[in-house]
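Listed here are the chains, written in short residue letters.
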Amino acid sequence: MLGFCAAGCSTDVASPAQNAAASATALGNWSLQLAGPDGSVAAVVNMGVMNGAAGLAAVAHFAQGGCLPATTTVSLAGAVGAADELQLTSQPFAGTTLAVAGVLATGGGSLGNATYAFNGSPCAGLASGTVAAAHFAAIAGNYAGNFTGSTGAVTAVSAMLQQGSAPDGNGVFHVTGNANFASSACFATQPTVTDSTISGNSLATTFTSGPVTLTASGTFSQDAAQLQITAWQIAGGACDGTHGTGVLQEAGN
């Protein structure tokens, strides 16, 4: 992995005094769609933003496209200015640097007039352009819905989920929590989250109950009110091999 955030490595660089209120709305999980010369999406960069010692720090990775592998991680730092303008600049990686700039919408959620620029880009035709940026709310709270098996059997599911406040060294967030599968013979005890990744609008989670695991993957809405499970599967126990899809909705939404 081309990483620049090993233990002891700081992502902070000197930055101007930041707009503290606007900076708080920039924290969390972002997905950036970088436009190519023809206006189409040339690359998707998912990014986790956190507080740094001198402003904001971020860790990003190329989730799609770009001519850089998805394992490439990018460390950035910067600040939000008085007019809510966000500026992030990376440390060197793969022979280039990346700068992202734009104006935070009131209350967060998006980045207006956003642009990106590579300095010494390894990707021909991807030197600079515009960015469509989306900020995703944290998955946190009580969710309920149904998991539907491939045979049509429907199981009511409720879950308590809590997304971590800071990303890992790849810019990916993780979730803790548990779930309850009503009247299910698949689990001796109700399962807990033992592994999870949240990046952009993608979610992958593993629930474990003793020797039985349920892996689930899918997407979620920008406000994190709905989790669309495009695939789940159980391994082990009486329901080994059972699979299907599902939807979970946050309580009160």
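Per chain, residue numbering runs from 1 following the sequence as it is written. Where local features are concerned, this predicted model is filtered to residues with pLDDT of at least 70; where side-chain atom pairs are given and counted, the filter is 80 or more; whole-chain, interface and lining totals use all residues. As a rule here, side-chain values come from all non-hydrogen atoms in the structure, and water together with hydrogens is ignored.

Novice: Can you tell me about the overall build of the chain, naming the residues and giving the values?
Specialist: Numbering of helices and strands runs from the N terminus; a helix is a DSSP stretch of H or I covering at least four residues, while a strand is a stretch of E covering at least two. The secondary structure content of the chain amounts to one helix and 16 strands. For the chain, contacts bridging at least 24 residues in sequence account for 42% of all contacts bridging at least 6. Just so you have it, the chain exposes about 11,000 Å², and 56% of that area is on carbon and sulfur atoms. By the convention used here, residues are in contact when the closest approach between their heavy atoms is within 4.5 Å. Method for areas: the Shrake-Rupley scheme with a 1.4 Å probe, in which residue coverage is limited to the protein chains shown.

Novice: Break down the sheet that holds strand β6 (residues 97–104) for me, citing the residues and quoting the values.
Specialist: When DSSP locates at least two bridges between a pair of strands, those strands are taken to pair. Strand order in this closed barrel of eight strands is β1-β2-β3-β4-β5-β6-β7-β8, and the pairing throughout is antiparallel. Averaged over all neighbouring strand pairs, the angle between strand axes comes to 30°, with direction disregarded. Two strands pair when backbone bridges link them, and strand β5 (residues 85–90) and β6 are joined in this way by five bridges, in the antiparallel orientation. From the neighbouring strand, Leu86 faces β6, where its bridge partner is Gly102. Interaxial angle, 0 to 180 degrees, is taken between N-to-C directions of lines fitted to C-alpha atoms, where a helix line uses only the stretch in contact.

Novice: Residues and numbers for the pairing of strand β1 (residues 28–35), please.
Specialist: Judged by how many residues are buried, β1 sits mostly within the fold: seven of eight residues are covered. Judged from the eight bridges that link them, β1 and strand β2 (residues 41–52) form a sheet pairing that is antiparallel. Paired with Gly28 across the bridge in β2 is Val49. As paired elements, β1 and strand β8 (residues 128–136) share six bridges and run antiparallel to each other. The partner of Leu32 across the bridge, within β8, is Ala133. Here the term buried applies to any residue with accessible area under 20% of the maximum for its type, exposed to any over 50%, and partly exposed to those in between, with areas from a 1.4 Å probe on protein chains only.

Novice: I'd like a rundown of the side chain of His135, residues and numbers included.
Specialist: Tracing the backbone shows His135 in strand β8. You can call His135 buried: its relative accessible area is 14%. N or O atoms within 3.5 Å of each other form a polar contact, as long as, within protein, one can give a hydrogen and the other can take it, and as long as residues adjacent in sequence are counted only when both atoms are side-chain atoms. A polar side-chain atom of His135 sits 2.6 Å from the main-chain carbonyl oxygen of Leu27. In this structure, His135 is in contact with Thr25, Ala26, Leu27, Gly28, Asn29, Trp30, Gly109, Ser110 and Gln222, ignoring residues within four places of it in sequence.

Novice: An account of the environment of Leu68 is requested, with residue identities and associated values reported.
Specialist: Take Leu68: it is sitting in the loop between β3 (55–65) and β4 (73–80). Judged by its relative accessible area of 10%, Leu68 falls in the buried class. Considered as a pair, Leu68 and Ala43 are 25 residues apart in the sequence and their alpha carbons are 9.3 Å apart. For Leu68, the contacting residues outside a window of four places in its chain are Phe62, Phe93, Ala94, Pro122 and Cys123.

Novice: Before we move on, can you summarise the environment of Phe181 with the specific residues and values?
Specialist: Take Phe181: it is sitting in strand β11 (residues 175–181). Each C-alpha atom of the pair Phe181 and Asn19 lies 45 Å from the other, and the pair is 162 residues apart in sequence. In this view, Phe181 contacts Phe147, Thr155, Ala156, Val157, Phe187, Gln190, Pro191 and Leu214; residues no more than four positions away in its chain are not counted.

Novice: Before we move on, can you summarise the packing of aromatic side chains with the specific residues and values?
Specialist: Aromatic contacts are taken between Phe, Tyr and Trp rings whose centres are within 6.5 Å, Trp giving its six-membered ring; a plane angle under 30 degrees counts as stacked, one over 60 as edge-to-face, and the others as tilted. Inspection of every chain in the model, using the stated rule, returns seven aromatic pairs. Pairing Phe62 with Phe118 gives two aromatic rings, centres 6.4 Å apart and planes at 25°, and the pair type is stacked. Residue Phe62 is located in strand β3, and its partner Phe118 is located in strand β7 (residues 110–119); the two are separated by 56 residues in the primary sequence. Summarising the burial analysis for this pair, Phe62 and Phe118 share the class buried. Between Phe181 and Phe187 the ring centres are 5.0 Å apart and the planes differ by 40°, which places this aromatic pair in the tilted class. The exposure classification of Phe181 matches that of Phe187, with both residues buried.

Novice: Can you lay out the nonpolar core for me, pointing to particular residues and giving the numbers?
Specialist: Throughout this description, the term nonpolar core refers to a set of buried Ala, Val, Leu, Ile, Met, Phe, Trp, Tyr and Cys residues connected via side-chain atoms within 4.5 Å. Core analysis: the biggest nonpolar cluster contains 31 residues, and Leu32 and Met47 have the highest contact counts within it. Residues in contact with Met47, not counting those within four places in the same chain, are Gly28, Asn29, Trp30, Leu32, Ala58, Val59, Ala60, Leu76, Leu88 and Gly171. Counting residues in each nonpolar core, the second largest holds 29 residues, with Ala134, Ala159, Phe187 and Trp232 among its members.

Novice: Could you give me a rundown of the confidence of the model for the chain, with the residues and numbers involved?
Specialist: pLDDT is a residue-level measure of predictor confidence that goes from 0 to 100. In this model, the chain carries a mean pLDDT of 88, and residues with pLDDT of at least 70 account for 92%. Contacts from residues 1–17, a stretch scored under 50 in pLDDT, to residues over four places away or in other chains number 38 contacts.

Novice: For the pairing of strand β16 (residues 243–250), give the residues involved together with the corresponding values.
Specialist: The alternating pattern of β16 places Gly244, Gly246, Leu248 and Glu250 on a buried face, while none of His243, Thr245, Val247 and Gln249, on the opposite face, is buried. Here six bridges tie strand β15 (residues 226–235) to β16, and the two strands are oriented antiparallel to one another. Among the inter-strand pairings, Ile229 is bridged to a residue of β16, identified as Gly246.

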